[in-house]
Amino acid sequence: MANAVEPPKRGEPLLRVDNLSAAYGKIRALHGVSLEVPAAGIVCVLGANGAGKTTLMRALSGLLPVAGGTAVFDGRSIANVPAEQLVRRGVVHVPQGRMVFAQLSVKENLVLGGYTRPAGEVREDIDRVLGYFPRLKERITSRAGTLSGGEQQMLAIARGLLAKPRLLMLDEPSMGVAPIMKDAIFSTLRDIRDRERLTLLIVEQDADIALDISDEGYVIETGRVVMHGPAAELAGNEDIRRAYLGG
Ligand SMILES: Nc1ncnc2c1ncn2[C@@H]1O[C@H](COP(=O)(O)OP(=O)(O)OP(=O)(O)O)[C@@H](O)[C@H]1O
Ligand SMILES: [Mg+2]
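Structure report, in brief. (Residues numbered from 1 in each chain as written. Chains lettered and ligands numbered in written order. Predicted model: local features only at pLDDT ≥ 70, side-chain atom pairs only at ≥ 80, totals over all residues. Heavy atoms only, no water.)

### Digging into the overall build of the chain
Rules: A run of DSSP states H or I qualifies as a helix once it reaches four residues; a run of E qualifies as a strand once it reaches two. Both are numbered from the N-terminal end. Each radius of gyration is computed over the set of C-alpha atoms, and the globule rule expresses the reference value as 2.2 Å times the number of residues to the power 0.38. The classification of residues rests on relative accessible area computed with a 1.4 Å probe and restricted to protein chains. Under 20% of the type maximum is buried, over 50% is exposed, and intermediate values are partly exposed. Contacts are assigned to residue pairs with any non-hydrogen atoms lying within 4.5 Å of each other. The charge count treats Lys and Arg as positive and Asp and Glu as negative. His and the chain ends do not count. By convention, charge coordinates are those of NZ in Lys, CZ in Arg, CG in Asp, or CD in Glu.
Across its full length, the chain carries 10 helices and 10 strands. Here the chain has a C-alpha radius of gyration of 17 Å; the compact-globule value for 247 residues is 18 Å, and the two agree. Counting only C-alpha atoms, the chain reaches 45 × 40 × 35 Å along its principal axes. In the chain, buried positions account for 51% of the 247 residues. Taking all contacts inside the chain whose residues are at least 6 apart in sequence as the whole, residues at least 24 apart take part in 68%. Each charge class in the chain was averaged separately, 30 positive and 29 negative side chains, and the resulting centres sit 5 Å apart.

### Concerning the site of ligand 1
Here is the rule: Nearness is judged by heavy atoms alone; a residue qualifies as near a molecule or strand once a single heavy atom is within 4 Å of it. Pairs of N or O atoms within 3.5 Å make up the polar contacts considered here, provided that, within protein, one atom can donate a hydrogen while the other can accept it, and that residues adjacent in sequence are counted only when both atoms are side-chain atoms. Accessible areas in this description were obtained via Shrake-Rupley with a 1.4 Å probe; residue shielding takes into account the shown protein chains only. As a working rule, the residues Ala, Val, Leu, Ile, Met, Phe, Trp, Tyr, Cys and Pro are called nonpolar, Asp, Glu, Lys and Arg charged, and the rest polar, with Gly in that last group.
Looking at ligand 1, there are 13 residues lining it, with Asn49, Gly50, Lys53, Thr54 and Thr55 nearest. Backbone polar atom of glycine 52 to an oxygen atom of ligand 1: 3.0 Å apart, as the coordinates give it. At 2.5 Å, a side-chain N or O of threonine 55 approaches an oxygen atom of ligand 1. Here ligand 1 loses 60% of its free accessible area of 640 Å² to cover by the protein chains. The greatest single-element share of the shell around ligand 1, amounting to 3 residues, is contributed by helix 1 (residues 53-60). Each residue belonging to the shell around ligand 1 can be placed in one class, and the counts come to 4 nonpolar, 7 polar and 2 charged.

### Observations regarding the sheet that holds strand 1 (residues 15-24)
Two modes of strand pairing occur in sheets, parallel and antiparallel, and in both the strands are linked by backbone hydrogen bonds. Selection rule: Two strands make a pair as long as DSSP finds a minimum of two bridges between them. Between N-to-C directions, angles cover 0 to 180 degrees, with each direction set by a line fitted to C-alpha atoms, over the stretch in contact for helices.
Overall, antiparallel pairing links the 4 strands, which are arranged 2-1-4-5 in an open sheet. Each edge of the sheet is formed by a strand with only one pairing partner; in this case those strands are strand 2 (27-37) and strand 5 (76-77). Of the strand pairs in this sheet, strand 1 and strand 4 (residues 68-73) are connected by 5 bridges, and their pairing is antiparallel. Among the inter-strand pairings, leucine 15 is bridged to a residue of strand 4, identified as phenylalanine 73. Its contacts with the sheet place helix 1 against strand 1, strand 2 and strand 4, and it is angled at close to 110° to strand 1.

### A few points about the sheet that holds strand 8 (residues 199-204)
Sheet architecture is open: 6 strands sit in the order 6-7-8-3-9-10, paired in mixed fashion. Both edges of this open sheet fall to strand 6 (91-94) and strand 10 (224-230), since each of them pairs with a single strand only. Averaged over all neighbouring strand pairs, the angle between strand axes comes to 15°, with direction disregarded. Where strand 7 (residues 167-171) lies against strand 8, 5 bridges are found, and the strand directions are parallel.

### With respect to the coordination of the magnesium ion (ligand 2)
Here is the rule we go by: Only nitrogen, oxygen and sulfur atoms count as donors, using a 2.8 Å cut-off from the metal that widens to 3.2 Å for Na, K and Ca. Water is left out, so coordination shells may look unfilled.
At 2.0 to 2.1 Å from the magnesium ion (ligand 2) lie its protein donor atoms, namely Thr54 (OG1) and Gln96 (OE1). Of the two residues, threonine 54 is situated in helix 1 and glutamine 96 in the loop between strand 6 and helix 3 (106-113); the sequence distance between them amounts to 42 residues. The class of glutamine 96 is partly exposed, set by a relative accessible area of 26%.

This is the structure:
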């Protein structure tokens with residue numbers, strides 16, 4: 001994963017989203033969202049239920065049409081590009097609610113994560129990815145549906161890594177995960193970024209844990225960015241939680 005990454009030109013963000021809008025039929029859910037994610041950066045997008053976080057993830061991963069604005073990844077547009085092509089270009093999405101294949105084993109789920117890559121390469125990569133998630137290694141032959149919520153989230157992330165992402169987008173990785181496992185998952189994400197120079201875009205309702213590993217944060221409300229700044233600054237701002245995150 002790491003050795004294939006060509007860093008973009010200095011100063012160019014790996015992902016630049018400008019004035020992006022998306023809708024479900026006539027119902028507009030994103031109203032001109034702009035954000036940037038630097039290469040090897042961790043950026044979080046915070047927002048309450050219904051703010052538009054999943055809509056943003058889906059619009060950026062080819063699962064929902066982009067109605068307006070631009071999204072440029074590594075110098076090329078990703079707006080309205082089919083999801084599979086985006087995966088091949090390194091734009092990989094770990095969906096909300098994990099969506100692991102419950103009837104399949106952990107190993108089989110991981111193999112499916114590499115569906116766009118040669119089988120031999122994926123086989124070699126599984127061991128390396130499992131190095132980040134020792135718990136999954138212990139349960140490699142278990143059916144995914146028997147894993148805890150936290151373990152399933154780890155599996156969803158590991159499966160995403162097997163697609164060989166350059167940008168990994170995670171939709172609420174803390175959801176349905178016990179507190180101690182949340183810490184393990186988020187510190188592993190930071191570890192992966194540090195070791196592989198992977199770029200992460202995380203959407204979350206749990207502002208504390210997301211800001212803790214992020215470099216920068218955005219807050220969205222009803223499909224609009226209402227705040228943006230360095231993660232440390234947002235973390236120290238009590239008003240944000242009160243005003244936008246319902247806490
Ligand atoms: N399939 C859909 N059809 C119509 N409206 C939808 C659909 N999915 C989402 N919406 C609406 O779009 C808006 C944004 O929803 P979205 O799922 O992006 O929010 P979210 O920030 O991910 O919320 P949550 O934290 O609950 O996951 C909401 O008003 C929601 O009701
Ligand atoms: Mg959502």
